[in-house]
Amino acid sequence: MTEAQASRITVVERERALEQLSHHLGTGRLSLTEFDERSAVAAAATTKGELAELFADLPGTTAAAPPAPTSTALQRLSTIAALISIVAVVLAVATGNWLWLLAGTGTIVAFVVQRMR
């Protein structure tokens, strides 16, 4: 077994394998019994080699895509939007003026539009 096959898999890779098995079931390459057996093995798999064995006799399998990196800019934008929303709600409740909610929403929309440019 090579080092790549012995490396541990992530939850994302396991889920991708289950999706590929579902695709092969849908195209008729696997019977329902085979799908059940292979799905159980995929769910319990811990290495890439174990997953590779499931697809050895199936055509057209692609290597698992690496997980997309989490965007720190998107996380920052989400945090800022949440803070603006909280401040707008607190001001609306404290002053009894619902226009703070409108101002908060407008600020968030303007900020998102500016970031998307």
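What counts as what
Residues numbered from 1 in each chain as written. Predicted model: local features only at pLDDT ≥ 70, side-chain atom pairs only at ≥ 80, totals over all residues. Heavy atoms only, no water. Helix = DSSP H or I, 4+ residues; strand = E, 2+ residues; numbered from the N terminus. Buried < 20%, exposed > 50% of the residue type's maximum accessible area, 1.4 Å probe, protein only. Contact = heavy atoms within 4.5 Å. Salt bridge = Lys/Arg side-chain N within 4 Å of Asp/Glu carboxyl O. Core = buried A, V, L, I, M, F, W, Y, C linked by side-chain atoms within 4.5 Å. pLDDT = per-residue confidence, 0-100. Axes fitted to C-alpha atoms, helices over the stretch in contact; angles between N-to-C directions. Parallel < 35°, antiparallel > 145°, perpendicular 65-115°, else oblique. Left-handed = near helix turned anticlockwise from the far one by under 90°. Nonpolar A, V, L, I, M, F, W, Y, C, P; charged D, E, K, R; others polar. Patch = residues over 30% accessible without salt bridge, like charges linked within 9 Å, V, L, I, M, F, W, Y side chains within 5 Å. Areas by Shrake-Rupley, 256 points an atom, 1.4 Å probe, with all protein chains shown as cover.

**Observations concerning the overall build of the chain**
Okay, so step 1: Within the chain, the regular secondary structure consists of six helices and zero strands.
Okay, so step 2: Listing every helix and strand of the chain by position from the N terminus yields α-α-α-α-α-α.
Okay, so step 3: For the chain, the residues scored as buried account for 21% of the 117 residues in total.
Okay, so step 4: The contacts in the chain between residues at least 6 apart in sequence include a share of 61% that link residues at least 24 apart.

**Observations regarding the pattern of salt bridges**
Okay, so step 1: Counted by the stated rule, this structure contains two salt bridges.
Okay, so step 2: Of the charged contacts in the structure, one is a salt bridge between Glu-13 and Lys-48, with a shortest N-O distance of 3.5 Å. Here Glu-13 is found in helix α2 (residues 11-26), whereas its partner Lys-48 is found in helix α4 (residues 48-54), with 35 residues between them in sequence.
Okay, so step 3: Among the salt bridges present, the one from Asp-57 reaches Arg-38, with a minimum N-O distance of 2.9 Å.

**Quick notes on the side chain of Arg-14**
Okay, so step 1: Note on placement: Arg-14 falls in helix α2.
Okay, so step 2: The residues touching Arg-14, leaving out its near neighbours within four places in the chain, are Ile-9, Ala-42, Ala-43, Ala-45 and Thr-46.

**Remarks on the nonpolar core**
Okay, so step 1: Residues Ile-9, Ala-17, Leu-21, Leu-30, Phe-35, Ala-42, Ala-45, Leu-51, Leu-54, Phe-55 and Leu-58 constitute the largest nonpolar core, which totals 11 residues.
Okay, so step 2: Contributing elements (two or more residues each) for this core: α2, α3 (32-44) and α4.

**Describing the confidence of the model for the chain**
Low-pLDDT portions of the prediction should not be read for the details of their coordinates.
Okay, so step 1: Counting all residues, the mean pLDDT for the chain is 81, and 84% of those residues have values of 70 or more.
Okay, so step 2: When mean pLDDT is taken per element in the chain, α3 scores highest with 89 and helix α1 (residues 3-6) scores lowest with 57.

**Comments concerning the packing of helix α5 (residues 72-95) against helix α6 (residues 99-116)**
The description of two helices packed together rests on the angle between their axes and the distance between the axes.
Okay, so step 1: With their axes 8 Å apart at the nearest point, α5 and α6 run at an angle of 165 degrees to one another. As far as their axial angle goes, α6 and α5 are roughly antiparallel. The two elements α5 and α6 cross, and the hand of that crossing is right-handed. Contact residues: α5 offers Leu-77, Ile-80, Ala-81, Ile-84, Ser-85, Ala-88, Val-89, Leu-91, Ala-92 and Thr-95, while α6 offers Trp-100, Leu-101, Gly-104, Thr-107, Ile-108, Phe-111, Val-112 and Arg-115.
Okay, so step 2: Counted by class, the contact of α5 with α6 contains 13 nonpolar, four polar and one charged residues.

**Some words on the packing of α2 against α3**
Okay, so step 1: The interhelical angle for the contact between α2 and α3, taken along N-to-C directions, is 175 degrees, at an axis separation of 10 Å. With respect to α3, the element α2 is oriented roughly antiparallel. Contacts between α2 and α3 involve Arg-14, Leu-18, Leu-21, Ser-22 and Leu-25 from the first element and Leu-32, Phe-35, Arg-38, Ser-39, Ala-42 and Ala-43 from the second.
Okay, so step 2: Broken down by class, the residue content of the contact of α2 with α3 amounts to seven nonpolar, two polar and two charged.

**Remarks on a nonpolar patch on the surface**
Okay, so step 1: Taken together, Val-89, Val-93, Trp-98, Leu-99, Leu-101 and Leu-102 make up a surface patch of nonpolar side chains, about 630 Å² in accessible area.
Okay, so step 2: Elements represented by at least two residues in the nonpolar patch include exactly α5 and α6.
Okay, so step 3: Assignment of secondary structure puts Leu-101 in helix α6.

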